[in-house]
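Descriptive analysis of the structure
Chain by chain, the residues run as shown.
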Amino acid sequence: MPELPEVETVCRTLRRHVLGQRIQALEVVQPKLRWPVDVPSLQEAACGRTVVAVRRRAKYILMDLAGSNPPVTVVAVHLGMSGILQVVPKGAPRRPHDHVVWTLGAKQIRYNDPRRFGSVHSFAAQNEAAHPLFAHLGPEPLDGSVFDGAYLYGQCRGKNRCIKQLIMDARVVVGVGNIYASEALWRSGISPRMSARRLSRPRAALLAQAIVATLEEAIEQGGTTLRDFADANAQAGHFGQRLKVYDRAAEPCEVCETLVRRIVQGARSTYYCRVCQKA
DNA sequence: CGAACCTCCTGCGGGC
DNA sequence: TGCCCGCAGGAGGTTC
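Analysis parameters
Residues numbered from 1 in each chain as written. Chains lettered and ligands numbered in written order. Predicted model: local features only at pLDDT ≥ 70, side-chain atom pairs only at ≥ 80, totals over all residues. Heavy atoms only, no water. Phe/Tyr/Trp six-rings, centres within 6.5 Å; stacked < 30°, edge-to-face > 60°. Helix = DSSP H or I, 4+ residues; strand = E, 2+ residues; numbered from the N terminus. Buried < 20%, exposed > 50% of the residue type's maximum accessible area, 1.4 Å probe, protein only. Lys NZ or Arg CZ within 6 Å of the ring centre and 35° of its normal. Domains from an automatic or database assignment.

Examining the packing of aromatic side chains
Applying the stated rule across the entire model yields four aromatic pairs. Taking 5.8 Å as the distance between ring centres and 65° as the angle between the ring planes, the aromatic pair formed by F123 and F134 counts as edge-to-face. Of this pair, F123 sits in strand β8 (residues 119-124) while F134 sits in the loop between β8 and α3 (149-156), and the two are eleven residues apart along the sequence. Like F123, the residue F134 is buried in the burial classification. Seen in terms of ring centroids, Y246 and Y271 are 5.1 Å apart; in terms of plane orientation they differ by 70°. Their pairing is edge-to-face. With Y246 in the loop between α6 (201-225) and β9 (261-265) and Y271 in strand β10 (residues 268-272), the pair connects residues that are 25 residues apart, well separated along the chain. Looking at Y246, the relative accessible area reads 11%, which means it is buried. Here the basic side chain of R34 rests over the ring of W35, its NZ or CZ set 4.5 Å away from the ring centre.

Overview of the domain arrangement of chain A
By domain assignment, chain A separates into domain 1 (4-127) and domain 2 (149-240). One C-alpha centre belongs to domain 1, the other to domain 2; they are set 27 Å apart.

Right, here's the structure in full:
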């Protein structure tokens, strides 16, 4: 499942392939995604325009497209659970679950998503901040000017909910998905079941650092082990990264050998070490 | 404010 | 071995 590091890697690969290229055509094979694709809007926002930037906000991949009226439009792609963006030669055989296809010269960008939990939106760049998808989003975890121990501690004040659910709340901080939430909590020695309001200032700082370090390491691994994530021969996966607790129920904790435990919080699996992680 | 549940969908794993 | 059932999961939404 694409989490922030995977999305960042896709972004970087996409940037390499399509920056400066002009979009000639758009084909929507399957408009029924997480939200129905607005085909006319997407058409107008993309066709005849030039890719001037590829960015990431939370887990959205954003392509800035220059043209006239409006001068810049944005295409926002969310990969959901099983989505992938591939850059392939125009003539490459179509695969099952290729839902949206952009043609740029001899290349195509193809949005492929078996489960269709992802989405494709478009809007004028000037409307981005106010767009319903983005208006409520918290800071980027890798934006050190906002997200740090003091910020996280502030967000925890008076919150009577488990710390794991708090760090997965996009209003608090974006891009911390189920996998990295478990990993960062293990790394900082904090129980996922702990109430946010009881987290001390120093431990909030530890957790913030752990979130940043876990994501940065994963991005680095994504860049080295799966550089071609968005290329024709892409393989989705966990980037070969060695996860410490996630999906390792009943396996020994690498620090203390206690068997990793799986619990369910907010209908999602949480993995942790009862000995290393304390409330 | 927060918990619980719903919705979208398909691949895959467990059970038989 | 093969088939079928049920679950997982990002994220916005609703209800209590």
